[in-house]
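Survey of secondary and tertiary structure
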Amino acid sequence: MTEAITFDPQQKLFVLRTHRSFYAMRILPDGQLVHVKYAPADPAVQPLRLSLLDEYPGSDWASWENQTRLWEFPAFGDISYHDAALKAAFPAASGLLAAQDAAIYPIRDLRPRYRRHEIRTDAIPGHSPAHGRSVRKQATARQTLIMEMQDIGFDFIVRLFYRLTPEWDIIERWAELENRTTMPVTMESLAFATIHLPLGEYDLTRTAGAWAREFIPVTQSLQQGLTVLKQQGLNTGHSINPAFLVQPRGQATPESGPTYFGALAYSGNWSIRFESLPTDPIRIHGGYETDDFALHLAPGERHTTPAFVFGVADDGFDGASHRLHNFARDYVLPVSVHGASRPVLYNSWEAVYFDMTVESQVRLARLAAAIGVELFCVDDGWFKGRRSDHAGLGDWVVDRTIFPDGLNPLIEEVKKLGMRFGLWVEPEMVNPNSDLYRVHPDWVLHFPTRPRTELRQQLILDFGRPEVVRHVHTMLDALLEQYDITFFKWDMNRHATEPGSVAGQEIWFRHVAGVYSIMDQLRQKYPRLEIQSCSGGGGRVDLGILARVEQVWTSDNTDALDRVYIQDGFSLFYPPGVMESWVTHEHNHQTGRVLPLEVRFDTAMRGVLGIGTNLDRLSAEELDTYRRNIAFYRKIRPIIEQGRLHRLAWVQDHGASAWQMVLPDGSQSVYSLVVVHSLLGHQVPCHPLRGLVPEATYRITDASERELLRLSGAQLMTLGLPGNHQHIYVKAGIRSRTVLLSRID
Ligand code: GLA
């Protein structure tokens, strides 16, 4: 099967082929664009008879069903009564109507019909990063099909984009609107894309949770009607993440069978709506959440939406995750000038909270460097007036009572110790108790005359005002200008309420655009800058933000056992190599649970390793264990970052989470097991491994460089790694292990 975009003018049929899938749609005689089929396809199988697969049964349907055509991008109006991907109001159509009627009859009817199409290799979705940093596969030109549609009456253009990433079976879709009329047009809803699944019954897997328990996987059946995942917010959200997996019921397992997947490249007001049509196909709309939404297009104006990234795997959840991980690694994540690997990080938050002094930071930095930390990040509490979370946000200048000589003495020490320096910021926020708010009380989101609700004593800056975005940019720019900061932890710690803005209902996407633009400008000017996305933990993780950050804070919950649930869910969609996890105190501050150090390391080593313990309180022996584990992590890090992840056991189903990361050539692999629930006497099964070379011999070593075993790939892939009862780490009823498998012949 050739990987390409083809058009058969006779059948008016478009076929988009990726390595192992195809997507087909056709133009009907009246110019409507309808979906035909989207499914996995084996490259070895000869061209499919697509005409036989057509799910649009023709025009002799009864009129009710005729209203359920599989439109590629269903518009409100027309003959549909279902959820629409876009809804426009042409309120000033007064030329067509008497003045008194124009006010009450805005024309809320849009009927885009095919006009022409083209294939390009330079098309990019809205909100694409403008920081100029390359991605790993920068040089790979990807084909994009652009379908141009025009309304039957108005000169209003709707362009649908389909960009193919054939090797990862991914299609990115987005839409562009162009108002060529002489009237202002208001969009009342707008999706990035609508996709259809073949007829059938499906189960949806996505994540759910809240602060401190983000990314918990949930599976539910999609029944007739609407299933809506959404976030009305200025961040991506803790409770639901804009990503999903859908499997035909009974036909798929975690490792096999067709699995449709999708994710939005956008960090604000989003929704994904699964609509089960009366005729049974599933239609998925992904785009802007429209509970409080308006997009105004003046004559001549255009709007390009961000992308809805989706694909289909023929090898279950693991196959879907594998494709999404590699798509992010190759085409989304910026390449860092500091090298391919994420540094081991130290973060001071749980060590000192707001009790920050320059002496304590220097002491922590020295200890951190001695155990092998590569990046030292000073968290909250360093800036003017910030002695608690009641004051200071908005005033991004160093607090001279804490750092009398500024940050430079600490930064110089950190650099002398061989580490890079990072700093926490929360640029979208302001405390009423701050110089900024005292001068500009009108710069926050609020409705005039109405109360302003504070959450964590803070309000949100109105990014609908260009002067606010400029001000925030200037403050951060000044920090980077003055100090050798190569890492920002960019935080965002509240939900959006009372969203009154000078931008009206456009504030939702304008805020996101403001955040992206500041990050992009800073990154462009300071090529050595890296960013960690944080929003009270994992509240801002999506494919939009990943295009401008190197890593994300996964959750404020640093309890190693809770973390395993979060990691299982996170890894469904996002690569472990961006998932920051910290080893913190034995007695966890959030849950109160006491966990042995080895378990804390075994969990934190599954992603970007961070240390958050107050190192000052540790014995020399404990520090030595930290040092040994960090050295081991640095050895296995390339496999964690670049390997293919196999989830051999899920904590929700098995009480244990077993991960295996394996390099594409099978030369090295990491096996990581954390047992969360088990009864005395329960033997943890040996999980057959994957992706190894059957005839090769592997040496298996642990964190102390101890050789445990030598075994063949074949044995490891059939019987599993022995010793889950023997080499496993057991203390206080908790069991875990991390081992490295290296091919030796
Ligand atoms: C948020 C972050 C934490 C920490 C605090 C500081 O909660 O998620 O990691 O940075 O803010 O106030």
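Residues numbered from 1 in each chain as written. Predicted model: local features only at pLDDT ≥ 70, side-chain atom pairs only at ≥ 80, totals over all residues. Heavy atoms only, no water.

1. Some thoughts on the site of the ligand
Around the ligand, 13 residues are found, and the nearest of them are Asp379, Asp380, Arg456, Lys489 and Asp556. Asparagine 493 has a polar side-chain atom sitting 3.2 Å from an oxygen atom of the ligand. Interatomic distance of 3.1 Å between a backbone N/O atom of glycine 537 and an oxygen atom of the ligand. In isolation the ligand exposes 310 Å². Once the protein is present, 96% of that is buried. Counted by class, the shell around the ligand contains 4 nonpolar, 3 polar and 6 charged residues. (Near = heavy atom within 4 Å. Polar contact = N/O pair within 3.5 Å; in protein donor to acceptor, adjacent residues only side chain to side chain. Areas by Shrake-Rupley, 256 points an atom, 1.4 Å probe, with all protein chains shown as cover. Nonpolar A, V, L, I, M, F, W, Y, C, P; charged D, E, K, R; others polar.)

2. So, the side chain of glutamate 641
By the element assignment, glutamate 641 lies in helix 13 (residues 620-642). Salt bridges are absent for the buried glutamate 641, whose nearest opposite-charge side chain, arginine 637, sits at 4.9 Å. Non-local contacts of glutamate 641, meaning those with residues more than four positions away in its chain, are made with Arg329, Ala340, Ser341, Arg342 and Gly577. (Helix = DSSP H or I, 4+ residues; strand = E, 2+ residues; numbered from the N terminus. Buried < 20%, exposed > 50% of the residue type's maximum accessible area, 1.4 Å probe, protein only. Lys, Arg positive; Asp, Glu negative; His and termini not counted. Salt bridge = Lys/Arg side-chain N within 4 Å of Asp/Glu carboxyl O. Contact = heavy atoms within 4.5 Å.)

3. Overview of the domain arrangement of the chain
Here the chain is described as being made up of domain 1 (5-126 + 143-332), domain 2 (345-642) and domain 3 (649-743). Here the C-alpha centroids of domain 1 and domain 3 sit 41 Å apart. (Domains from an automatic or database assignment.)

4. A closer look at the environment of glycine 311
Residue position: glycine 311 is located in strand 20 (residues 308-313). The contacts of glycine 311, once residues within four sequence positions are left out, are Tyr38, Asp169, Ile170, Thr259, Tyr260 and Phe261.

5. Some remarks on the sheet that holds strand 2 (residues 13-18)
Taken in spatial order, the 4 strands of this open sheet run 1-2-3-4, and their pairing is antiparallel. Looking at strand neighbours, the two that pair on one side only are strand 1 (5-8) and strand 4 (33-40), the edges of this open sheet. Averaged over neighbouring strand pairs, the angle between their axes works out to 15 degrees when direction is ignored. (Pairing = 2+ DSSP bridges. Axes fitted to C-alpha atoms, helices over the stretch in contact; angles between N-to-C directions.)

6. Notes on the pairing of strand 9 (residues 170-179)
Within strand 9, 10 of the 10 residues are buried, which leaves the element mostly enclosed by the surrounding structure. Where burial is concerned, the two faces of strand 9 agree: the one with Ile170, Glu172, Trp174, Glu176 and Glu178 and the one with Ile171, Arg173, Ala175, Leu177 and Asn179 are both buried. In this sheet, strand 9 lies alongside strand 8 (residues 156-165) in antiparallel orientation, the contact comprising 10 bridges. Its bridge partner lying in strand 9, arginine 159 is registered against glutamate 176. From the end of strand 8 to the start of strand 9, which pair antiparallel, there are 4 residues, and aspartate 169 there has a positive phi angle of about 50 degrees.

7. Overview of helix 4 (residues 316-332)
In this model, helix 4 (17 residues) spans 23 Å end to end at C-alpha, consistent with the 24 Å of a helix rising 1.5 Å per residue. Among the 17 residues of helix 4, 17 are classified as buried, and the element is accordingly described as predominantly covered. (Expected span 1.5 Å × (residues − 1).)

8. Here's the deal with the side chain of threonine 613
With respect to the element layout, threonine 613 can be found in the loop between strand 30 (608-611) and helix 13. A polar side-chain atom of threonine 613 sits 2.8 Å from a polar atom in the side chain of tyrosine 626. Residues in contact with threonine 613, not counting those within four places in the same chain, are Tyr346, Ala351, Val583, Thr584, His585, Leu618 and Tyr626.

9. Some points on the environment of leucine 645
With respect to the element layout, leucine 645 can be found in strand 31 (residues 644-649). Owing to a relative accessible area of 5%, leucine 645 belongs among the buried residues under this scheme. In sequence terms leucine 645 and serine 571 are 74 residues apart; their C-alpha atoms lie 8.4 Å from each other. Not counting chain neighbours up to four residues away, the residues in contact with leucine 645 comprise Asp318, His325, Ser571, Pro576, Trp659, Gln660 and Met661.

10. Describing the packing of aromatic side chains
Tallied over the entire structure, the rule returns 35 aromatic pairs. Summarising the aromatic geometry, the rings of phenylalanine 601 and tyrosine 626 are spaced 5.4 Å apart at their centres and angled 80 degrees between planes, so their arrangement reads as edge-to-face. With phenylalanine 601 in helix 12 (residues 597-604) and tyrosine 626 in helix 13, the pair connects residues that are 25 residues apart, well separated along the chain. Assigned by exposure class, phenylalanine 601 and tyrosine 626 land together as buried. Each residue in the set Tyr23, Tyr38, Tyr162, Tyr202, Phe244, Tyr260, Phe274, Phe308 and Phe310 is aromatic and connected to the rest through ring pairs, giving one cluster. In this structure, arginine 142 packs its charged tip against the face of tyrosine 331, placed 3.9 Å from the ring centre. The positively charged end of arginine 606 is found above the aromatic ring belonging to tryptophan 659, 4.5 Å away from the centroid. (Phe/Tyr/Trp six-rings, centres within 6.5 Å; stacked < 30°, edge-to-face > 60°. Lys NZ or Arg CZ within 6 Å of the ring centre and 35° of its normal.)

11. Observations regarding the sheet that holds strand 30
One closed barrel accounts for 8 strands, arranged 21-22-23-26-27-28-29-30; its pairing is parallel. If you compare each strand with its neighbour and ignore which way they point, the axes differ by 30 degrees on average. Direction of pairing for strand 23 (residues 420-425) relative to strand 26 (residues 487-490): parallel, over a ladder of 4 bridges. Note on strand 26: the bridge partner recorded for glycine 422 is phenylalanine 487. Of the strands in this sheet, strand 28 (551-553) and strand 29 (579-583) touch helix 11 (residues 560-573), which is tilted by about 165 degrees from strand 29. Across the face of the sheet, helix 13 comes into contact with strand 29 and strand 30 while running at roughly 165 degrees to strand 30.

12. Examining the pairing of strand 10 (residues 185-197)
Burial within strand 10 is extensive, with 12 of its 13 residues counted as buried. Inspection of the sheet shows strand 10 paired to strand 18 (residues 295-297) by 3 bridges, in the antiparallel sense. Note that in strand 18 the partner of valine 185 across the bridge is leucine 297. By the bridge criterion, 6 bridges tie strand 10 to strand 17 (residues 282-288) in an arrangement that is antiparallel. By the bridge assignment for strand 17, alanine 191 is matched with glycine 287.

13. Focus: helix 7 (residues 408-416)
Working note: α-helix, 3.6 residues per turn, so residues spaced by three or four point in the same direction. All buried positions along helix 7 are accounted for by Leu410, Ile411, Glu413 and Val414. Across the axial projection of helix 7, the buried residues extend over an arc of 160 degrees, all falling on one side. Summarising the contacts, the buried residues of helix 7 are in contact with helix 6 (358-371), strand 22 (375-378) and strand 23. In the segment just after helix 7, glycine 418 is the residue with positive phi, at about 90 degrees. (Arc of directions from axis to C-beta.)

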